[in-house]
Amino acid sequence: MHGMIATNDPQHTLSGDTLARLGVSVPLRPGPTQDLLWVSSSDRSGTTALVEADPVFASRLLGVVFAADAADGATDGAMRSASDVVSELGSRHVRAVGLALGVQTLVLDPSVGEHWLKGWWNVSLAKAQAAQLAHGAMDPKCGRQAYLLGLISDIALPLLMRLDPGFYRDVMPRRKENQSWCDVERHRFGVDHAQAGAYLLSKWNVPAPVCRLVRAHHQTPAGDENLSLRTALYLSGLMPHEEEGAVDNEPALQSLHGRLLANDYATPTSFLESARFAASKRSRGDSRRDHGRELDLPGLLVASATDCVELVTRAHRLETARSRQAEDLSTLRMDAYTDPLTKVLNRRGFFDLAQQRIDKSGGGLSACCMLLDLNEFKPVNDKYGHDVGDKILRGLAKLLRRSVSRTDLIGRLGGDEFVVLITDLTEEGARSAAERLYKTCHGVHLRVSDDLTLPVLLSLGAVYDTQLGESVPLDQMMAAADELMYRQKRTRKAGLLFGRVTPDVLDDGIAVDAPADAEPAKPFDPQI
């Protein structure tokens with residue numbers, strides 16, 4: 001229903017068409033791009049100045065930083081200044097991104113006239129200065145963040161201009177007095193430049209908080225979240241989108257000046273002039289670098305290729321080092337989880353991995369837990385020595401691995417006591433698994449030396465439940481299996497007892513459903 005309504009809404013269709021045609025390419029100016037060829041890889045202040053002078057460069061770098069944050073699991077969406085971006089990425093990486101964007105512009109053929117493009121750069125600088133000055137009057141902290149946000153707030157304007165240059169050249173200057181710049185844009189495109197800018201930034205992986213600030217920079221601030229930044233952006237957004245012209249919303253500027261800026265600026269005009277003056281100083285320097293200069297194509301290609309190769313090489317080295325560290329950590333973890341004698345899980349490893357499996361299931365997990373113990377093992381140690389006993393334990397571990405799948409968990413709890421956990425099976429499957437394990441291991445004769453062969457004699461207790469981790473904790477299920485194993489062991493015969501774990505009113509909350517007439521499994525000879 002909602003899809004049909006949206007599809008038939010002319011305004012929605014118009015905005016969708018505009019965003020589809022918007023693209024993600026905005027031309028960089030030759031001058032600052034050329035400067036990237038010569039800026040030192042260690043010159044952070046010079047690199048920061050280039051970022052702060054170019055809305056496109058700043059926006060793309062924000063996207064790079066936030067995309068890297070997302071990859072590392074950081075989701076706070078904190079605001080950043082240009083210097084933060086350079087500091088976090090490093091001058092070399094910032095330089096490479098800028099040069100890559102410069103190469104991209106070589107294949108563009110923008111239809112935006114030089115006058116409009118130059119005007120947009122200058123107004124962007126003025127808005128950035130206005131945001132920084134306004135924020136400084138309210139809260140001296142984060143002024144550079146306000147500058148960067150002001151710089152990119154009109155990022156979509158040149159793209160909309162490219163879609164319809166005549167509209168901005170002929171229609172926009174003649175709009176009615178009660179029509180704002182954004183009202184006229186929405187009527188023409190279905191979206192205004194603030195909405196389109198937020199969309200564009202989202203495509204560059206800039207997180208939602210920044211996109212929301214850009215989207216709402218013409219809306220009256222309300223609420224407490226990022227209030228200083230939103231107010232600074234709103235004040236910067238009251239400046240005209242043309243280099244010359246009246247303020248779009250002079251009453252709002254008068255009101256905000258009286259409440260927030262009067263202590264620092266005598267009139268609203270003095271505030272705007274301060275912003276324009278600060279921007280013009282930087283703009284004059286930028287214009288001198290841009291004037292009459294074309295990109296040094298060979299130098300740009302060589303520099304960008306060199307930087308990209310260096311970064312790829314560095315990334316490869318880091319990835320190799322990370323893989324090696326991951327392998328080392330995996331080895332350390334396996335060492336911490338593995339019984340050194342039998343190479344099955346130790347007690348800690350068994351409990352940790354079993355709990356991970358229970359947690360991953362998200363609820364009750366059908367499982368069979370088996371505890372087994374060697375009969376007459378102490379006499380073997382006493383008669384033949386612990387070296388022979390160790391060989392028996394290693395042989396039993398191999399038999400256990402042979403009787404279950406690779407995904408089942410086998411642990412040595414200590415001495416000659418082992419535990420096996422098999423999950424995701426029916427009660428009949430659990431009974432079959434227990435019988436198969438018993439049949440595979442019990443009665444097998446292990447050759448421990450050329451002239452000595454000893455049998456493996458087992459007592460095994462196995463319990464099944466459909467809700468391991470839900471109604472029955474792992475330690476209680478193991479206790480139930482342990483009870484069955486020792487019940488069998490007390491008969492002084494090897495054998496297997498199988499049962500279910502059922503809730504009861506016993507002190508421990510668990511009763512073992514093992515009937516009194518339960519006997520060792522018939523196919524096996526428990527008295528061997």
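What counts, and at which threshold
Residues numbered from 1 in each chain as written. Predicted model: local features only at pLDDT ≥ 70, side-chain atom pairs only at ≥ 80, totals over all residues. Heavy atoms only, no water. Helix = DSSP H or I, 4+ residues; strand = E, 2+ residues; numbered from the N terminus. Buried < 20%, exposed > 50% of the residue type's maximum accessible area, 1.4 Å probe, protein only. Phe/Tyr/Trp six-rings, centres within 6.5 Å; stacked < 30°, edge-to-face > 60°. Pairing = 2+ DSSP bridges. Contact = heavy atoms within 4.5 Å. Patch = residues over 30% accessible without salt bridge, like charges linked within 9 Å, V, L, I, M, F, W, Y side chains within 5 Å. Areas by Shrake-Rupley, 256 points an atom, 1.4 Å probe, with all protein chains shown as cover. Salt bridge = Lys/Arg side-chain N within 4 Å of Asp/Glu carboxyl O. Lys, Arg positive; Asp, Glu negative; His and termini not counted. Charge placed at Lys NZ, Arg CZ, Asp CG, Glu CD. pLDDT = per-residue confidence, 0-100. Core = buried A, V, L, I, M, F, W, Y, C linked by side-chain atoms within 4.5 Å.

## Things to note about the environment of Asp387
Structurally, the position occupied by Asp387 is in helix 21 (residues 386–403). Exposure remark for Asp387: the relative accessible area of 60% places this residue in the exposed category. Expressed as a C-alpha distance, the spacing of Asp387 and Val448, which sit 61 residues apart in the sequence, is 9.3 Å.

## A closer look at the packing of aromatic side chains
In the structure shown here, the tally under the stated rule is five aromatic pairs. Both rings, one in Phe167 and one in Tyr168, keep their centres 5.1 Å apart while their planes meet at 85°; by these two values the pair is edge-to-face. Each member of the pair, Phe167 as well as Tyr168, carries the same accessibility label: buried. On the basis of an interplanar angle of 85° and a centroid distance of 6.0 Å, the ring pair of Phe350 and Phe351 is categorised as edge-to-face. Judged by its relative accessible area of 25%, Phe351 falls in the partly exposed class. A connected cluster of aromatic rings, assembled from ring pairs, spans Phe167, Tyr168, Trp181 and Phe189.

## Considerations on the pairing of strand 5 (residues 452–455)
The two faces of strand 5 differ: Leu452 and Leu454 on one face are buried, but Thr453 and Pro455 on the other face are not. When strand 4 (residues 445–449) meets strand 5, the two strands line up antiparallel, connected through four bridges. Paired with Arg447 across the two strands is Thr453, which belongs to strand 5. The turn linking strand 4 back onto strand 5 is made up of two residues.

## Some remarks on the environment of Ser59
In this fold, Ser59 is placed in helix 5 (residues 55–71). Between the alpha carbons of Ser59 and Asn205 there is a distance of 9.8 Å; along the sequence they are 146 residues apart. Discounting chain neighbours no more than four positions away, the residues touching Ser59 are Ile152, Ile155, Leu201, Trp204 and Val206.

## Section: a positive patch on the surface
Judged by side-chain charge, Lys391, Arg394, Lys398, Arg401 and Arg402 come together as a positively charged surface patch. In this structure, Lys398 sits in helix 21. For Lys398, a relative accessible area of 52% corresponds to the exposed category.

## Here's the deal with the confidence of the model for the chain
Taken over all residues, the pLDDT of the chain has a mean of 77, while the share at 70 or more is 79%. The weakest mean pLDDT in the chain belongs to helix 1 (residues 2–8) at 39; the strongest belongs to strand 3 (residues 417–423) at 95. Low confidence marks residues 1–7, where pLDDT is under 50. Its contacts with residues over four positions away, or in another chain, come to three contacts. Predicted confidence for residues 504–528 stays below pLDDT 50, and this span has 45 contacts to residues more than four positions away or in other chains.

## Here's the deal with the nonpolar core
Of all hydrophobic cores here, the largest spans 77 residues; its most connected members are Val51, Phe57, Leu61, Ile152, Tyr168, Leu201 and Phe271. Here this core gets eight residues from one element, more than from any other, and that element is helix 8 (residues 114–138). Among all residues touching Leu201, those that are not within four sequence positions of it are Ser59, Ile152, Ile155, Val206, Cys211 and Val214. In this structure, Leu400, Ala430, Leu454 and Ala494 belong to the second largest nonpolar core, which totals 39 residues.

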